[in-house]
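# Structure at a glance
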There are 4 protein chains.
Amino acid sequence: MTLRIGVVGTGMMGQDHVQRLTTSVPNAQVVAVSDVNLEQAKRVGEGVGARVYSDGHDLVGDDQVQAVLIASPGFTHEEFTLACLAADKPVLCEKPLAPTIDACLRVLEAEAARPRRLVQVGFMRRYDADFRAMKDAVVGGQVGRPLLLHCRHRNPSVPPGFTSDMMITDSVVHDIDATRWLIGQEVVAASVFKPRPSSKAPEGLQDPQLVLMETAEGVLIDVESFVSCQFGYDIRYELVGEAGTVSLGELAGVRIRAEGRHQGRIPDDWRERFARAYEDELREWVNGVLEGTVTGPSSWDGYATTAVAEAAVEAQTSGRRTAVELVDRPALYA
Amino acid sequence: MTLRIGVVGTGMMGQDHVQRLTTSVPNAQVVAVSDVNLEQAKRVGEGVGARVYSDGHDLVGDDQVQAVLIASPGFTHEEFTLACLAADKPVLCEKPLAPTIDACLRVLEAEAARPRRLVQVGFMRRYDADFRAMKDAVVGGQVGRPLLLHCRHRNPSVPPGFTSDMMITDSVVHDIDATRWLIGQEVVAASVFKPRPSSKAPEGLQDPQLVLMETAEGVLIDVESFVSCQFGYDIRYELVGEAGTVSLGELAGVRIRAEGRHQGRIPDDWRERFARAYEDELREWVNGVLEGTVTGPSSWDGYATTAVAEAAVEAQTSGRRTAVELVDRPALYA
Amino acid sequence: MTLRIGVVGTGMMGQDHVQRLTTSVPNAQVVAVSDVNLEQAKRVGEGVGARVYSDGHDLVGDDQVQAVLIASPGFTHEEFTLACLAADKPVLCEKPLAPTIDACLRVLEAEAARPRRLVQVGFMRRYDADFRAMKDAVVGGQVGRPLLLHCRHRNPSVPPGFTSDMMITDSVVHDIDATRWLIGQEVVAASVFKPRPSSKAPEGLQDPQLVLMETAEGVLIDVESFVSCQFGYDIRYELVGEAGTVSLGELAGVRIRAEGRHQGRIPDDWRERFARAYEDELREWVNGVLEGTVTGPSSWDGYATTAVAEAAVEAQTSGRRTAVELVDRPALYA
Amino acid sequence: MTLRIGVVGTGMMGQDHVQRLTTSVPNAQVVAVSDVNLEQAKRVGEGVGARVYSDGHDLVGDDQVQAVLIASPGFTHEEFTLACLAADKPVLCEKPLAPTIDACLRVLEAEAARPRRLVQVGFMRRYDADFRAMKDAVVGGQVGRPLLLHCRHRNPSVPPGFTSDMMITDSVVHDIDATRWLIGQEVVAASVFKPRPSSKAPEGLQDPQLVLMETAEGVLIDVESFVSCQFGYDIRYELVGEAGTVSLGELAGVRIRAEGRHQGRIPDDWRERFARAYEDELREWVNGVLEGTVTGPSSWDGYATTAVAEAAVEAQTSGRRTAVELVDRPALYA
């Protein structure tokens, strides 16, 4: 049994997903791709024998397409996700679910009216072996009740045009979701602190930033977001519980002793670091859809994460702690 | 395009491979299984919709089967591999290629007469990310010309009936192949040293053992083989070159600080430790076969490894350094 | 040449210092001890053949005493330090220099009027090999201009009566000094954030706390202070610069593999963790005094650190960012 | 109470000891030094106000000298140690006790006739914190009954004139003593294996070597001796017991993340690596002598270690396993 998938968006992210679905995910076939850049869509589609569309709505409407993966720019996520809901097709939407709270709410409402979930949001960290082991340790009580969570989120560099609020909405958004998932509580407030910016960061970018968050039951989370750190892609977490701590980010791989140093390499970027997590995300999604279920990060997770990110962006501007207000959680996401 | 595969042998190893081919390897389908234990074969085959045979030769002869994976006991490998060669079907044979030098030579000769390779031997370590990084470091000159290689190969325990020579032929055999591959030289002699045996090892088992090997150009390899080590599955290598060393076996994963200790877990067994290597082995094999090539460990590797293992078993008995004599390498394996 | 030292205060800290001066510090002799608990002072003094006083002022006035080490409770530091200055005797005063800004200023003014320094404050971390290597890396430019500093400061437990503001004045005070020293800038503001307290902390203690500090040039420091962490004494720092990071706190020592885990031990307390630093602090102090110089942490460091601690305590109470105002730095401390 | 010490030999080792005794060891005073190079002895002696001799026997005979530290070349150790015994003065003799078995036996016999020990041999590893923790783990049963011990002993380079047998007698000799001490058994046989030599080693030097040893109860020890390893001074041990392993050599110190790598430094040489062990060796020796006891490595340890080294040198030449024959252990060393 093979799931016939249409991929909306053939930029870098879309291309990576098409490649993975083709070479690393059993029981999946990319049967259609779409992009407003039709030439790009054609190149990608021809490589895997898929139909090609310039309009994602046509792809969603294609009868051959059983499920949809959305990898187009964030501002288009709402319309394509709503189209999938209308067409009754399972959809894996890259993060964010939508860039504004209102847009997220529209998706949430459309899905919440249904008897079962169709939407999954692409928070791939939940599929990483270390993040899963960390959650297992927390849930298993190995470190006691959580009190604090320290997060490091470093990228070597960013493309031109990257802005200070994108550090929240594009980067810290992963830590927001991971925090909610690891601790099992909603984030209720956010603050942003600004050290002097790195002279190696693009002109005008407030980089690094320190984001402080609080959960409903008083767990405190600090996230260092540093997107021009130069030296590599570095994700490290330490969760502090009442009886101990659990941490991830120790770097595996071979060690070399030479020239007076022992050393190991640091990943270049998130694609290398989370390669395996992306694969497992897609495998579990495909297998779930074939069995009629969607169990990954939900529209509610997408909405709540965007709500926290929006509060953090406001805090970044105002310099003040900003509360997060969430609507009631629909029964579908209980 | 999907490769239709028949799996000979439905014991633990065969079941693992059937499972992997079904859930983790794209473009592969298990269309037939066989086992002398027909009931077992039926259970495994029904789970994936495959035809079921009690005789592996019938499976090899099935027109629906395009390629064969042999996971039956070692003494049957020769006959099934020869059958695949006769049927002109690509075959992935679990290690060993065959348990005796003579049997290996018969396979080697049958294949060497052909214009291209059909046989791959299941030395999965060559697909492990750390082993590959180690080889890259060696080939890339990061530690200079190799001089020594230290290997630790520990299993927590072994099943009843495991014998002292099986420690060579079942366990050290992986280190023999890894050594040849990492250093790029044949092993020309082996010795075995015996400390007092562990009281936790099965009665009569010489466990642990220290195997010493020498390559054609004078690299010295020591392998600790300890199959009743109790504490976990522990593989660690350090290759010493003229300018530095490269090592693998640092344990990744989350770390816990609790009760006065910082700690991480050790894998339970080789299935956990090399889960990903097995997947990549199968993926690369399937993709290669679909493209008409076989590039993994060859019949020559299978033969040479068995020859070294046989010398080591002789050394274990005699207590003396035993030379390894290899036939000339056929042009097919140049 | 031997330095004849008087030790004021024979509680645990004073006893440790007497022991160290006697067994681990060459060229030093404890010739006098004092304590309001005269019985305790006698026991300690007799062990090393020292004269015994109930009043520290008598000890300072003893002609045999060439230099003084103050290890009495913090509120007495001012009077004894001032007495040493009046007597023109070098003094090593345990932290804090004094518990209030005003008291520190009185010492500062008394010393600043002199041609050379007599006072050293007992910030022993500056003598720890790892802290020194971290400072060398920063000063040597190995990680670029500092931007952030993350500090973990964990104790397994605290004695009864330990209060939330003592977490700042007794514990974080070390991080305040270390920050100033590592970065080479004064701290200009502090904030305190409070997660839910650990149920394993003494009733009423706000434990853990997260202290945020800013330096004059915009470096941001976060300190996790957690004095009931249960699992051990755990000090870890990571300084983030424009080109990389330098961290300390990797635990050395032997590693044990057993029962499915690889593990190492965590120090029990600060006496174990900083045993060597205390020794080097005393050795360097003794050698310096014998040569006529005092080069360790100064009254200015003691004053500035108390000023930051006082701001942090205020921030802890008010919940607001609190600025630190320092007097002009006297020329003696340029 | 101060111990008045005479130091025989003012080369690098002697100078280091004089420096340590003066600046890092309480209750010790260097009152005399001697060297056949009188100019050198004068320079060293004047620095610490010690009398100067060209003949070590005159130093031993000096009434001011209460105890002697021998740091002259190995071939002179016998005569000076015997002189100390004759003069009834405690002596700390740098390793080896003497370079030949016969010379060691003469010292052993001279001391064994006495009611109590006077001689200690300078195996400083026994004072290293990690070696001690490893022994504690073994003795405490944390890894079960010992079966194997893997040792790495690497120096970046050696001075001109260093020979293949000096790799045993100067370098591996430390591993021989450490093995005996850690396992608590005598070594009864040795073999030496020779990989191709490093092209970076001095012409004609068999470097590296792999030394295999067996203890009386069948524990097997392998020592990699590599004195031209280029990259640093690297000591790593792993002892394998029936229930687990204990290892030392994890490198502590700060870690730097920069330029795509995480890295730490490796010590330059044994003086850096064992600086603290040398200090503790001297402190414990001085304190013991002042209290009338000598408890460190004994003449017996010196003799047994030289006997094993001599067997290993013979094995190196003959290429054969060589048995070690020890005389009966005198009651003094029970």
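Scroll up to find the structure.
None of these values were measured; they are calculated from a predicted model.

### Focus on the interface of chain D and chain A
The figure often quoted for interface size is the accessible area lost as the parts come together. On the chain A side, the residues contacting the 16 residues of chain D number 16 residues. When the two sides are added together, the surface that chain D and chain A hide from each other amounts to roughly 1,500 Å², 50% of it contributed by carbon and sulfur. The interface formed by chain D and chain A holds 2 salt bridges in total. Between Arg257(D) and Asp234(A) there is a salt bridge; the shortest N-O distance is 2.6 Å. At the junction of chain D with chain A, the criterion picks out 10 residue pairs in polar contact (both at pLDDT 80 or more). Taken together, the elements giving at least two residues each to the side of chain D that touches chain A come down to β11 (234–241), β13 (255–258) and β14 (261–265) of chain D. At 5 residues, the largest contribution of residues to the side of chain D that touches chain A is made by β14(D). Classifying every residue of the side of chain D that touches chain A gives 4 nonpolar, 5 polar and 7 charged.

### What about the environment of Phe226(B)?
With respect to the secondary-structure elements, Phe226(B) resides in strand β10 (residues 220–226). Distance from Phe226(B) to Gln209(B), taken between C-alpha atoms, is 6.6 Å for residues 17 residues apart in sequence. Filtering out sequence-adjacent residues up to four positions away, Phe226(B) remains in contact with His153(B), Arg154(B), Asn155(B), Ser198(B), Asp207(B), Pro208(B), Leu147(D), Val240(D) and Gly241(D).

### Points about the relation of the copies chain D and chain A
You can overlay chain D on chain A at an RMSD of 0.0 Å; the transform is a turn of 180° with a shift of 0.0 Å along its axis. Read as a symmetry element, the transformation amounts to a two-fold axis. Considering only C-alpha atoms, the residue of chain D closest to the rotation axis is Gln263(D), which sits at 2.1 Å. Looking at chain D, 100% of its interface residues are interface residues in chain A too, so the copies touch through the same face.

### Notes on the sheet that holds strand β1 (residues 3–8) of chain A
Residues and elements named next belong to chain A. Reading across from one edge, β3-β2-β1-β4-β5-β6 is the order of the 6 strands in this open sheet, with parallel pairing throughout. One side of each edge strand has no neighbouring strand; the edge strands of this open sheet are β3 (51–53) and β6 (119–121). Here the strands of the sheet are splayed against their neighbours by 25° on average, with no regard to which way each runs. Strand direction decides the pairing type here: strand β2 (residues 28–34) and β3, joined by 3 bridges, are parallel. Residue Val33 lies in a different strand from β3, and its bridge partner there is Val52. Contacting β2 and β3, helix α2 (residues 38–48) crosses the sheet at an angle of about 165° to β3.

Analysis parameters
- Residues numbered from 1 in each chain as written.
- Chains lettered and ligands numbered in written order.
- Predicted model: local features only at pLDDT ≥ 70, side-chain atom pairs only at ≥ 80, totals over all residues.
- Heavy atoms only, no water.
- Contact = heavy atoms within 4.5 Å.
- Buried area = accessible area lost by both parts, 1.4 Å probe.
- Salt bridge = Lys/Arg side-chain N within 4 Å of Asp/Glu carboxyl O.
- Polar contact = N/O pair within 3.5 Å; in protein donor to acceptor, adjacent residues only side chain to side chain.
- Helix = DSSP H or I, 4+ residues; strand = E, 2+ residues; numbered from the N terminus.
- Nonpolar A, V, L, I, M, F, W, Y, C, P; charged D, E, K, R; others polar.
- Least-squares fit on C-alpha atoms with pLDDT ≥ 70 in both.
- Pairing = 2+ DSSP bridges.
- Axes fitted to C-alpha atoms, helices over the stretch in contact; angles between N-to-C directions.

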